[in-house]
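Residue-level structure breakdown
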Amino acid sequence: EIRSRHRILADAVELLSSMRFAISALVVVCIASAIGTIVAQNSPPINYVNQFGAFWAEVFTALDVFRVYNAPWFLLIMALMLVSTSLCLIRNTPKMIRDARSWREKVRDSTFPAFRHRVAVELPADQAGNAVEQLAVALAQRGYKIRRSSGDTTQMPVLVARKGASNRFGYIAAHLAIVVISLGGLLDSELPLKTAAWWWDKEPLKMASFQGTEVPASARMPMATPTYRANALVPEGATVDVAVVPQGDGALLLDLPFELHLQQLRNEY
């Protein structure tokens, strides 16, 4: 049973770290992001009914089309893409760095026929050294890095040249960029705020039924809230240090770590 669990875990890691899975997740995220860019997000429901009709507005609402970037399925795909790309980096980066640093100096004579592009030239022993030096100069002029070594069975000079080893760092940079973007997308969503509200046992304040003047502590988020998108109503000449985070038909109040003062407001056309 333990071996079976290890096998299932190994298969899951193999699937998540595969290039095909990462590309599939990236394609879904791109399509969803395009929808979220074209379709106005978080507008009043009546706007969608007027634009798409009652039937399609209800269908799109069920699919979270009007709040794509906070939809559970979108956040799940973003998280899977983050895990998949991170596993790809962890799995391939050490090997790529080793390959970029390796020179393959110990190449046997028997392995040369395996190279696809090769040319064999026979030279007298007294001319071999001079030919290798001329070849080294020509390759260096074309941007190759040169290293001299000796063969495996003779003392004949061996010239090792390589070029484009740093191209592997493009793979690392591209995947690292996807990791940063995925992490930023998750942090920019409502997931951190909802997690923090659950952790601190906070409940949104129902604005329609709120009668008092003092906001209860259960509806106030602390300054330690990791990420959020909030609104603040600042009259001209006033100062506020509390923001409002809309949550459905309610809201959470969040204590800001700074004060926002509006000196003057001008409308210019």
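Quick summary incoming for the structure in this document. It should be emphasised that the depicted structure is a prediction, and the values quoted were computed from it without experimental measurement. Residue numbers restart at each chain and count upward from 1, following the sequence in its written direction. Totals for whole chains, interfaces and linings use every residue, but because this is a predicted model, local features are given only for residues with pLDDT of at least 70 and side-chain atom pairs only at 80 or more, for both listing and counting. Each side-chain value is derived from all of the structure's non-hydrogen atoms; neither hydrogens nor water enter the calculation.

1. Digging into the overall build of the protein chain
This is how it is decided: Secondary structure follows DSSP: runs of H or I at least 4 residues long count as helices, runs of E at least 2 residues long count as strands, and numbering of each begins at the N terminus. Radius of gyration means the value over C-alpha atoms here, while the globule rule gives 2.2 Å times the residue count to the 0.38 power. Residue exposure (1.4 Å probe, protein chains only): buried if accessible area is under 20% of the type maximum, exposed if over 50%, otherwise partly exposed.
In terms of regular secondary structure, the protein chain is built from eight helices and six strands. Order of helices (α) and strands (β) in the protein chain, N terminus to C terminus: α-α-α-α-α-α-β-β-α-α-β-β-β-β. Here the protein chain has a C-alpha radius of gyration of 31 Å; the compact-globule value for 269 residues is 18 Å, and the former is much larger. By its C-alpha atoms, the protein chain is 100 × 60 × 40 Å across when sized along the principal axes. For the protein chain, with 269 residues in total, the buried portion stands at 24%.

2. Observations concerning the pattern of salt bridges
As a reminder of what qualifies: Salt bridges are identified by distance alone: a Lys or Arg side-chain nitrogen within 4 Å of an Asp or Glu carboxyl oxygen.
Counted by the stated rule, this structure contains seven salt bridges. The partner of Asp188 in a salt bridge is Arg229, with the nearest N and O atoms 2.9 Å apart. With Asp188 in helix H7 (residues 168–188) and Arg229 in the loop between strand S4 (220–221) and strand S5 (239–247), the pair connects residues that are 41 residues apart, well separated along the chain.

3. So, the packing of aromatic side chains
Rules: Between the rings of Phe, Tyr and Trp (Trp by its six-membered ring), a pair exists once the centres lie within 6.5 Å; its type follows the angle of the planes, with under 30 degrees stacked, over 60 edge-to-face, and the other angles tilted.
Counted by the stated rule, this structure contains nine aromatic pairs. Taking the centre distance of 3.6 Å and the plane angle of 5° together, the rings of Tyr48 and Phe66 count as stacked. Residue Tyr48 is located in helix H3 (residues 45–52), and its partner Phe66 is located in the loop between helix H4 (54–62) and helix H5 (72–101); the two are separated by 18 residues in the primary sequence. Each member of the pair, Tyr48 as well as Phe66, is classed as buried. Here a set of aromatic residues connected by ring pairs shows up, and it is made of Tyr48, Phe52, Phe55, Trp56, Phe60 and Phe66.

4. Some details on a nonpolar patch on the surface
Note the following rule: Without a salt bridge and with relative accessible area above 30%, a residue can belong to a patch; like charges are then joined within 9 Å and nonpolar side chains (Val, Leu, Ile, Met, Phe, Trp, Tyr) within 5 Å. For accessible areas, the Shrake-Rupley method is used with a probe of radius 1.4 Å. Any residue's cover is judged against the shown protein chains and nothing else.
Residues Met19, Ile23, Val27, Ile31 and Ile35 make up a contiguous nonpolar surface patch of about 420 Å² in total accessible area. With a relative accessible area of 47%, Ile23 lands in the partly exposed category.

5. Considering the pairing of strand S6 (residues 250–261)
Heads up, the rule is: Should DSSP find at least two bridges between two strands, the strands are regarded as paired.
Pairing of strand S3 (residues 205–206) with S6 involves two bridges; the strand directions are antiparallel. In the strand pairing of S6, Leu205 is matched with Ala251. Bridge analysis of S4 against S6 gives two bridges, and the strand direction is parallel. Bridging from a neighbouring strand, Arg220 pairs with Leu253 of S6. In the sheet, S5 pairs with S6 via eight bridges, with the strands oriented antiparallel. Along S6, the bridge assignment pairs Gln247 with Gly250.

6. A short note on unusual backbone geometry
Phi angles above zero are rare outside glycine, and Asp64 is one such case at about 60°. Relative to the helices and strands, Asp64 resides in the loop between H4 and H5. Here Asp64 falls in the buried class, since its relative accessible area comes to 16%.

7. As for the nonpolar core
Note the following rule: Each nonpolar core is a collection of buried residues, namely Ala, Val, Leu, Ile, Met, Phe, Trp, Tyr and Cys, held together in the definition by side-chain atoms within 4.5 Å.
Val29, Phe74, Met78, Met81, Tyr171, Ile172 and Leu186 are the most contacted members of the largest nonpolar core, which totals 18 residues. Within the residue set of this core, elements represented by two or more residues are helix H2 (19–38), H5 and H7. Broken down by element, this core gets its largest block of residues, nine residues, from H5. The next biggest cluster of nonpolar side chains, apart from the first, holds nine residues, and it includes Leu193, Ala197, Val245 and Leu256.

8. Side note on the environment of Trp73
As a reminder, the rule being used: Two residues qualify as a contact provided that any one of their heavy atoms is within 4.5 Å of a heavy atom in the partner residue.
Inspection of the secondary structure assignment puts Trp73 in helix H5. Residue classification places Trp73 among the partly exposed positions, given a relative accessible area of 35%. Counting along the chain gives 10 residues from Trp73 to Leu63, while the straight-line C-alpha distance between them is 9.1 Å. Residues contacting Trp73, with those up to four places away along its chain left out, are Ala32, Leu63, Asp64 and Val68.

9. Topic: H7
To keep things clear, this is the line we draw: Expected helix span is taken as 1.5 Å per residue step, with the number of steps being one fewer than the number of residues. It is the directions from the helix axis to the C-beta atoms whose arc is reported.
Taking 1.5 Å per residue, 21 residues should reach 30 Å; H7 reaches 31 Å between its end C-alpha atoms and fits that length. Of the residues making up H7, those classed as buried are Tyr171, Ile172, His175, Val179, Ser182 and Leu186. Buried residues of H7 fall within an arc of 95° about the axis and therefore sit on the same side. H7 presents Val180 and Ile181 as exposed residues on the side facing more than 90 degrees away from its buried surface. Its buried side turned inward, H7 meets H2, H5 and helix H8 (191–199).

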